[in-house]
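# Summary of the model geometry
As a plain string of letters, each chain reads:
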Amino acid sequence: SAHRCDRIWTNARLATMAAAGSVERGMIAAKDGRIVHAGPVDTRYDAPELIDCDGRWITPGLIDCHSHLVHAGNRAHEFELRLEGASYEDIARGGGGIVSTMAATRIADEDTLVAYALERLDTLIAEGMTTIEVKSGYGLSTEAEVKMLRAARRLGSERNVRVVTTFLGAHALPPEFSGNADGYIDLVCNDMIPAVAAEGLADAVDAFCEGIGFTPGQVSRVFEAARMHGLPVKLHAEQLSNLHGATLAASFDALSADHLEHLDAVGIDAMAKAGSVAVLLPGAYYFTRETQLPPVAGLREAGVPIALATDCNPGTSPLTSLLLTMNMGATLFRLTVEECLAGVTREAARALGLLGETGTLEPGKSCDLAIWDVERPAELVYRMGANPLHARVWKGL
Ligand SMILES: O=C(O)CC[C@@H]1NC(=O)NC1=O
Ligand SMILES: [Fe+3]
């Protein structure tokens with residue numbers, strides 16, 4: 001008997017990113033926004049709408065699992081300073097960096113923040129992105145952090161895209177708390193997280209564990225507060241030095257630890273045991289001209305899942321292309337094409353706790369697709385600055 005569904009994409013080549021691997025003569029059938037079949041052409045399925053893909057490749061919709069998409073202002077002037085020799089850390093200690101974006105973000109109202117973010121969101125959507133994680137972290141006061149997360153939530157109603165939000169109040173020390181990091185962490189734990197949780201504004205909690213950020217002790221206080229409010233955690237860890245943030249994150253069963261250029265074998269092992277995803281951010285590595293590569297071979301050997309993301313932010317990664325992110329993942333970090341494609345689909349979904357919902361072409365998942373004008377998926381990683389997207393589908397539409 002025929003399986004009635006809503007839409008069928010046929011005569012396609014599928015990069016399922018799942019057990020089925022690649023399917024040469026494939027089709028996808030969707031019903032009520034979900035995949036009911038993703039595999040070889042199966043004439044038992046029929047639908048009022050049949051889309052002939054002319055042999056094009058279909059991947060899962062792309063996922064950006066680490067972004068600071070909501071923010072005001074930009075840091076082009078600091079870019080010039082760095083060209084004249086200043087380091088990112090010099091600029092941060094001199095009151096620039098994150099704090100200068102904080103000033104611009106505090107004075108922008110919610111509508112303005114939404115408008116600024118939509119321009120960057122549309123650029124990513126044009127490349128077939130269907131899910132994005134958006135962090136706070138430029139408000140650094142309860143009112144401004146709440147404003148940022150409300151703006152982030154609104155992006156999901158202004159566009160056909162899945163938005164998950166992350167509270168990152170422990171991103172930098174605001175000037176009013178200068179010299180009193182522990183006092184600021186009190187505010188983060190006792191005031192911000194309760195306010196954010198009360199309004200359901202965040203799906204996870206993140207922190208910046210770094211010399212110019214917060215100590216492991218301060219981060220664990222933030223994570224304890226997250227746990228008290230039932231929120232999972234993730235962490236900016238080992239970006240510029242090794243404070244053993246990844247090990248701390250793993251001890252809280254973190255969804256992910258991110259950056260990881262200075263991750264060591266102990267941290268790798270802790271992440272493997274906890275099932276935490278390694279989110280690599282080659283845009284920040286490239287833009288800040290770092291030289292310490294993340295331990296990709298060690299992550300592979302230990303079976304730690306590897307994801308890739310833009311880390312879109314005005315200071316260290318003003319990047320709004322997941323395709324270029326994949327090229328950097330291969331060119332700079334030597335990830336394979338398969339690892340790069342998985343890094344912005346299956347493993348990115350895993351880093352957001354969304355692998356049951358999206359990230360692969362499998363029955364039961366949301367029908368989130370990117371349909372490409374390429375002869376082979378490797379072209380999506382190989383080319384720089386091109387966008388071969390033919391069509392994008394989110395929740396079957
Ligand atoms: O410079 C900025 O605006 C954010 C930088 C970004 N945040 C973080 O914790 N590490 C980074 O590279
Ligand atoms: Fe980041």
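Please refer to the structure higher up on the page.
Residues numbered from 1 in each chain as written. Chains lettered and ligands numbered in written order. Predicted model: local features only at pLDDT ≥ 70, side-chain atom pairs only at ≥ 80, totals over all residues. Heavy atoms only, no water.

## Considering the overall build of the chain
To keep it simple, the criterion reads: Each helix corresponds to a stretch of at least 4 residues labelled H or I by DSSP, and each strand to a stretch of at least 2 residues labelled E; elements are numbered beginning at the N terminus. We take the radius of gyration over the C-alpha atoms and set the globule estimate at 2.2 Å times the residue count to the 0.38 power. Throughout, exposure labels follow a simple rule: accessible area from a 1.4 Å probe, protein chains only, divided by the maximum for the residue type, with under 20% read as buried, over 50% as exposed, and the rest as partly exposed. Should any heavy atoms of two residues lie within 4.5 Å, those residues are considered in contact. Areas reported here follow the Shrake-Rupley algorithm with a probe of radius 1.4 Å; residue values treat only the protein chains shown as occluding. Here Asp and Glu are counted as negative and Lys and Arg as positive; His is not counted, and neither are the chain ends. By convention, the point assigned to a charge is CZ for Arg, NZ for Lys, CD for Glu and CG for Asp.
When helices and strands are counted, the chain shows 15 helices and 17 strands. Whereas a compact globule of 397 residues would reach a radius of gyration of roughly 21 Å, the chain reaches 21 Å, a difference of no more than 12%. Judged by the C-alpha coordinates and their principal axes, the chain covers about 70 × 40 × 40 Å. Taking all 397 residues of the chain together, 59% fall into the buried category. Looking at the chain alone, contacts between residues at least 24 apart form 71% of all its contacts between residues at least 6 apart. Here the chain has roughly 15000 Å² of accessible surface; of this, 52% comes from carbon and sulfur atoms. Measuring between centres, the 34 positive side-chain charges of the chain sit 5 Å from its 51 negative side-chain charges.

## Side note on the sheet that holds strand S9 (residues 129–135)
Inclusion rule: Strands were regarded as paired on the criterion that DSSP finds at least two bridges between them. Whenever a helix is involved, its axis is fitted only over the stretch in contact; in every case the axis is a line through C-alpha atoms, and angles between N-to-C directions fall within 0 to 180 degrees.
Strand order in the open sheet formed by eight strands is S8-S9-S10-S11-S12-S13-S14-S15, and the pairing between neighbours is parallel. Of all strands in the sheet, those bounded by a partner on one side alone are strand S8 (62–64) and strand S15 (306–308). Neighbour-to-neighbour, the strand axes of the sheet open up by a mean angle of 25°, direction not taken into account. Pairing geometry for strand S11 (residues 204–209) and strand S12 (residues 234–237), over two bridges, is parallel. Looking across to S12, one finds that Cys 209 is bridged to Ala 237. In this fold helix H7 (residues 216–228) packs onto strand S10 (162–170), S11 and S12, with an angle of close to 175° to the strand it touches most, S11.

## Quick notes on the packing of helix H3 (residues 98–107) against helix H5 (residues 142–158)
Put simply, the test is: An angle below 35 degrees is read as roughly parallel, one above 145 as roughly antiparallel, one from 65 to 115 as roughly perpendicular, and any other as oblique. Only Asp, Glu, Lys and Arg are considered charged, only Ala, Val, Leu, Ile, Met, Phe, Trp, Tyr, Cys and Pro nonpolar, and every remaining residue, Gly among them, polar.
Their axes nearest at 10 Å, the elements H3 and H5 cross at an angle of 75°. In terms of orientation, H3 and H5 fall into the roughly perpendicular class. Seen from H3, the contacting residues are Thr 105, Arg 106 and Ile 107; seen from H5, they are Ala 144, Lys 147 and Met 148. Counted by class, the contact of H3 with H5 contains three nonpolar, one polar and two charged residues.

## Section: the site of ligand 1
Heads up, the rule is: Throughout this document, a residue counts as near a molecule or strand when at least one of its heavy atoms sits within 4 Å of that molecule or strand. Two N or O atoms count as a polar contact when they lie within 3.5 Å, although within protein this holds only if one can serve as hydrogen donor and the other as acceptor, and sequence-adjacent residues are included solely when both atoms are side-chain atoms.
Contacts to ligand 1 come from 13 residues, most closely from Arg 75, Tyr 88, Tyr 138, His 171 and Thr 316. A distance of 2.6 Å is found between an oxygen atom of ligand 1 and a side-chain nitrogen or oxygen belonging to Arg 75. Within the contact set of ligand 1, an oxygen atom lies 2.7 Å away from a side-chain nitrogen or oxygen of Tyr 138. Protein contacts shield 100% of the accessible area of ligand 1, which totals 320 Å² for the unbound molecule. For the shell around ligand 1, the per-class residue count stands at four nonpolar, seven polar and two charged.

## Re the coordination of the iron ion (ligand 2)
Condition: For Na, K and Ca the donor cut-off is 3.2 Å, and for all other metals it is 2.8 Å, counting N, O and S atoms only; because water is absent from this set, sites may look incomplete. Here the metal geometry follows the donor angles, with tetrahedral for four donors whose angles all fall between 85 and 135 degrees, square planar for four and octahedral for six when opposite donors are more than 155 degrees apart and every other angle is between 65 and 115, and irregular for all the rest.
Coordination of the iron ion (ligand 2) by the protein is provided by His 66 (NE2), His 68 (NE2), His 236 (NE2) and Asp 311 (OD), with metal-donor distances spanning 2.1 to 2.2 Å. Around the iron ion (ligand 2) sit four donor atoms, and with donor-metal-donor angles ranging over 84 to 169° the site reads as irregular. Along the chain, the residues that donate to the iron ion (ligand 2) are spaced as H-x1-H-x167-H-x74-D. With His 68 in the loop between S8 and helix H1 (76–83) and His 236 in strand S12, this pair connects stretches of sequence that are 168 residues apart.

## Describing the packing of aromatic side chains
Here a ring pair, both rings aromatic, is described through the centre-centre distance and the interplanar angle of the planes. Inclusion rule: Classification of ring pairs rests on two measures: the distance between centres of Phe, Tyr or Trp rings, Trp counted by its six-membered ring, which must be within 6.5 Å, and the angle between planes, read as stacked under 30 degrees, edge-to-face over 60 and tilted in between.
Following the criterion strictly, the structure yields five aromatic pairs and no others. A centroid spacing of 5.3 Å and a plane angle of 15° characterise the contact between Phe 79 and Phe 287, whose relative ring orientation is stacked. Here the residue Phe 79 occupies a position in helix H1, and Phe 287 occupies one in helix H10 (residues 282–287), the gap between them amounting to 208 residues. Given a relative accessible area of 36%, Phe 79 falls into the partly exposed group. One aromatic cluster is present, formed by Phe 177, Tyr 184 and Phe 214 through successive ring pairs.

## Observations concerning the pattern of salt bridges
For the record, the criterion: Between Lys or Arg on one side and Asp or Glu on the other, a salt bridge is scored when a side-chain nitrogen of the former is within 4 Å of a carboxyl oxygen of the latter.
As enumerated under the stated definition, the model contains 26 salt bridges in all. Residue Arg 150 pairs with Glu 199 through a salt bridge whose shortest N-O separation is 2.8 Å. Here the residue Arg 150 occupies a position in helix H5, and Glu 199 occupies one in the loop between helix H6 (181–198) and S11, the gap between them amounting to 49 residues. Accessibility expressed as a relative area gives 34% for Arg 150, which makes it partly exposed. On the basis of relative accessibility, which here comes to 39%, the residue Glu 199 falls in the partly exposed class. Each of Arg 34, Arg 162, Glu 357 and Asp 368 takes part in one network of salt bridges that share partners.

## Focus: the environment of Ala 309
Here Ala 309 shows up in the loop between S15 and helix H12 (322–331). Once residues lying within four places of it in the same chain are set aside, the contact partners of Ala 309 are Asp 64, Cys 65, His 66, Val 279, Leu 280, Leu 281, Pro 282, Leu 322 and Thr 325.

## Thoughts on the pairing of strand S7 (residues 57–60)
Sheet topology note: the strand S2 (residues 7–15)/S7 ladder contains two bridges and is parallel. Looking at the pairing, Arg 13 lines up with Trp 57 of S7. Summarising the sheet, S7 and strand S16 (residues 369–372) pair through four bridges and their orientation is antiparallel. Looking at S16, one finds that Ile 58 is bridged to Ile 371.

## Thoughts on H7
The criterion, for reference: Here a helix's expected span is defined as the number of its residues, less one, multiplied by 1.5 Å.
The end-to-end C-alpha separation of H7 is 18 Å, in line with the 18 Å expected for 13 residues at 1.5 Å each. Within H7, burial applies to Gln 218, Val 219, Ser 220, Val 222, Phe 223, Ala 225 and Ala 226. Buried-residue contacts for H7 involve S10, H6, S11, S12 and helix H8 (245–251). Looking one or two residues past H7, Gly 230 carries a phi angle of roughly 70°, positive in sign.

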